[in-house]
Amino acid sequence: MINRERLYAYFMEICAIDSEPKSERLLADRLKEDLTALGFMVNEDDTGEKIGGNAGNLIARLDGTAPDQPLLFSCHMDRVAPGVGVKPRVEGDFIVSDGTTVLGADDAAGLAAIIEGMKVLREKNLSHPPLEIVFTVAEELALLGSSHLDSSQITSRCGFILDAGGPVGEIVIQAPEQAKINAVFHGRSAHAGFAPEEGISAIQMAALAITRMKLLRIDPETTANIGSIQATGPTNIICDRCQLQAEARSLDSAKLRAQVEGMVKALESAAAEMGGTVEIEVQSCYPSYRLDQGAEPARRAAEAARQVNLPVRFKATGGGSDANHFNNRGIPTVVLSCGYEKVHTTGERIALDQLASLAEWVVAIISGE
Ligand code: ZN
Ligand code: CA
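Residues numbered from 1 in each chain as written. Chains lettered and ligands numbered in written order. Predicted model: local features only at pLDDT ≥ 70, side-chain atom pairs only at ≥ 80, totals over all residues. Heavy atoms only, no water.

A.B. asks: Report on the coordination of the zinc ion (ligand 1), specifying residues and quantitative values.
C.D. replies: Protein-derived coordination of the zinc ion (ligand 1) comes from His-76 (NE2), Asp-106 (OD) and Asp-163 (OD), at a distance range of 1.9 to 2.1 Å. Here the donor residues of the zinc ion (ligand 1) share one chain and are spaced in sequence as H-x29-D-x56-D. Between the zinc ion (ligand 1) and the calcium ion (ligand 2) the interatomic distance amounts to 3.1 Å, and Asp-106 serves as a bridging ligand to the pair. Here the residue His-76 occupies a position in strand S3 (residues 71–76), and Asp-163 occupies one in strand S7 (residues 159–164), the gap between them amounting to 87 residues. (Donors = N, O, S within 2.8 Å, 3.2 Å for Na, K, Ca; no water. Helix = DSSP H or I, 4+ residues; strand = E, 2+ residues; numbered from the N terminus.)

The following block contains the structure:
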């Protein structure tokens, strides 16, 4: 049903268009042009101005050929660094970069599969429900673009985001909520040799706090990690400033709150006991979601996958995606695995067959064919 050569060529073409977070302009313009040529009405929202980027989220619409429930397909246009000057090429059964940049299959695989799906609908005259497509910006910055998306413009109540690792056919129905903690300990500097009793070491406060925290795997649904700890100074001065950055995630909001509270308490008690202070900032990044296998998008994705002979598996993910925001705003949305591998590294790659299967899956979800 799909045109493989056209799909591969298009995929490589859009991988080659520079599109790091907040710099998606060139790719957004290209996709706008292509969607318009496919009959879509395309709007760009004002997220670009709000986040200091050069492009906003694209929201595109196509009337259905039958009066049916609309379906939403979505991907993100940005990619992680190093993502400028990508030179994609076919190597054996895979598409790879030249090893100096990421490939950007995360998320160009999804973008290309959706566009190929729309081309197939058009050239084969397949009947389809009303379609909405959302291409977001700055997903790789903790879902910044979709957090500003004007979801009142979206009418679909059944969404598919093409943006997960794993073999095509896997369907993500659960994802965690995430919080970030930024803490700065303030102690008191003093000469380390002449007057150590007058000093309060910010480094020691941080160390004490960390030993009191539960970290890494907390329970099957909850994780926590210290990402960085920064303090510098000469050895003859007691260091009075130490900054620590951490995160926690859970599929369960109450468990996340409990974990974050525990970490905050450890920070505060360490500072208090050593006579210093700590400034703490807790930022909630995105909400969790949990759909069951019978939810409309999950059911539809699974049925379509079976039709095109893909092995179906439902799964939970440990990371966030735009689906966290879509679900939280009342648009039940699953995330489809795209078959890309080693994302966020210069070894990123995607098998040609996986990319083709992804496009076939899109067509099957829409048309049942
Ligand atoms: Zn992604
Ligand atoms: Ca990513």
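The structure having been displayed, the exposition proceeds.
A.B. asks: How would you sum up the sheet that holds strand S17 (residues 340–341)? Please name residues and give values.
C.D. replies: Here we have four strands laid out as an open sheet, ordered S4-S5-S18-S17, and antiparallel in their pairing. Looking at which strands have only one partner, the edges of the open sheet turn out to be strand S4 (89–91) and S17. As paired strands, S4 and strand S5 (residues 94–96) are joined by three bridges and run antiparallel to one another. When the sheet's bridge partners are listed, Arg-89 is paired in S5 with Val-96. In the packing of helix H10 (residues 352–367) onto the sheet, contacts are made with S4, S5 and strand S18 (349–351), and the angle to S18 comes to roughly 70°. (Pairing = 2+ DSSP bridges. Contact = heavy atoms within 4.5 Å. Axes fitted to C-alpha atoms, helices over the stretch in contact; angles between N-to-C directions.)

A.B. asks: Could you give me a rundown of the pattern of salt bridges, with the residues and numbers involved?
C.D. replies: Under the criterion given, the structure shown has 22 salt bridges. Close ionic contact of Glu-116 with Arg-6 constitutes a salt bridge, the shortest N to O distance being 2.8 Å. Placement of Glu-116 in helix H4 (residues 105–123) and of Arg-6 in helix H1 (residues 4–15) is noted, with a sequence separation of 110 residues between them. Judged by relative accessible area, Arg-6 falls into the partly exposed class, the value being 22%. In this structure, Glu-13 and Arg-30 form a salt bridge, with 2.6 Å as the shortest nitrogen-oxygen distance. (Salt bridge = Lys/Arg side-chain N within 4 Å of Asp/Glu carboxyl O. Buried < 20%, exposed > 50% of the residue type's maximum accessible area, 1.4 Å probe, protein only.)

A.B. asks: Talk me through the domain arrangement of the chain; I want residue IDs and the actual numbers.
C.D. replies: For the chain, the domain assignment lists domain 1 (4–175 + 288–367) and domain 2 (177–286). When each unit is reduced to the centre of its C-alpha atoms, the spacing between domain 1 and domain 2 is 38 Å. The interface is formed by 12 residues belonging to domain 1 together with nine residues belonging to domain 2. Taken over both partners, the interface formed by domain 1 and domain 2 buries close to 770 Å², and the fraction arising from carbon and sulfur atoms is 50%. Interface area lost by domain 1 to domain 2 is led by Ala-142, Ser-288 and Arg-290, which between them contribute 49%. (Domains from an automatic or database assignment. Buried area = accessible area lost by both parts, 1.4 Å probe.)

A.B. asks: Tell me about the coordination of the calcium ion (ligand 2), and name the residues and values.
C.D. replies: On the protein side, the calcium ion (ligand 2) has Asp-106 (OD), Glu-140 (OE), Glu-140 (OE) and His-344 (NE2) as donor atoms, found 2.2 to 2.8 Å from it. Going along the chain, you hit the donors of the calcium ion (ligand 2) in the pattern D-x33-E-x203-H.

A.B. asks: Please set out the layout of surface pockets residue by residue, giving values where relevant.
C.D. replies: Counted as a void, the largest pocket has a volume near 490 Å³. In terms of lining residues, the largest pocket is bounded by 24 residues, among which Glu-139, Gly-319, Gly-320, Ser-321 and His-344 are the most central. Elements with a contribution of two residues or more to the lining of the largest pocket: S7, strand S9 (177–186) and strand S15 (313–316). When residues of the lining of the largest pocket are assigned to domains, at least three fall in each of domain 1 (4–175 + 288–367) and domain 2 (177–286). Here the second largest pocket is characterised by a volume of approximately 180 Å³. Forming the walls of the second largest pocket are Lys-180, Ile-181, Asn-182, Asn-225, Gly-227, Gln-245, Ala-246, Glu-247, Glu-281, Val-282 and Gln-283. Of all elements in the fold, only S9, strand S11 (222–230), strand S12 (241–250) and strand S13 (277–286) reach the threshold of two or more residues within the lining of the second largest pocket. Class assignment for the residues of the lining of the second largest pocket results in three nonpolar, five polar and three charged. (1 Å grid on protein atoms, 1.4 Å probe; cavity = no way out; pocket = protein on both sides within 12 Å on 5 of 7 lines; lining within 4 Å. Points joined across faces, edges and corners; volume = space filled by probe spheres on them. Nonpolar A, V, L, I, M, F, W, Y, C, P; charged D, E, K, R; others polar.)

A.B. asks: Please give an account of the side chain of Ser-151 that cites residues and values.
C.D. replies: With respect to the element layout, Ser-151 can be found in the loop between helix H5 (144–147) and S7. The residues contacting Ser-151, other than those within four sequence positions of it, are Arg-329 and Ile-331.

A.B. asks: Any chance you could break down the side chain of Ser-288 for me, citing the residues and the numbers?
C.D. replies: Within the element layout of this structure, Ser-288 appears in the loop between S13 and strand S14 (289–290). A residue is classified by how much of its surface remains accessible, and Ser-288, at 19% relative accessible area, is buried. Those residues in contact with Ser-288, other than ones at most four positions away along the chain, are Ala-175, Pro-176, Glu-177, Ser-250, Leu-251, Ser-253 and Asn-324.

A.B. asks: Quick one: what's the story with the environment of Ile-161, residue by residue and with numbers?
C.D. replies: Positionally, Ile-161 belongs in strand S7. Overall, Ile-161 belongs to the buried group, its relative accessible area being 1%. For the pair Ile-161 and Lys-32, spaced 129 residues apart in sequence, the C-alpha to C-alpha distance is 18 Å.

A.B. asks: Pulling in residues and values, what's your account of the sheet that holds S11?
C.D. replies: Taken together, five strands build an open sheet; the order of strands is S10-S11-S12-S9-S13 and the sheet is antiparallel. Each edge of the sheet is formed by a strand with only one pairing partner; in this case those strands are strand S10 (216–219) and S13. The average angle at which neighbouring strand axes cross in this sheet is 20°, direction not considered. Here S9 runs beside S13; their pairing, made up of nine bridges, is antiparallel. For Ile-181, the partnering residue across the bridge sits in S13 and is Val-282. Relative to the sheet, helix H6 (residues 202–211) contacts S9, S11, S12 and S13, its axis offset from that of S12 by approximately 20°.

A.B. asks: Tell me about helix H8 (residues 296–307), and name the residues and values.
C.D. replies: Its 12 residues place the ends of H8 17 Å apart at the C-alpha level, agreeing with the 16 Å of an ideal helix rising 1.5 Å per residue. For H8, the set of buried residues is Pro-297, Ala-298, Ala-301, Ala-302, Ala-304 and Ala-305. Seen end-on, H8 carries its buried residues on one side only, within an arc spanning 165°. Tucked into the core, H8 has its buried residues touching S7, strand S8 (170–175), S15, strand S16 (333–337) and H10. Just past H8, the residue Asn-309 takes up positive phi, approximately 60°. (Expected span 1.5 Å × (residues − 1). Arc of directions from axis to C-beta.)

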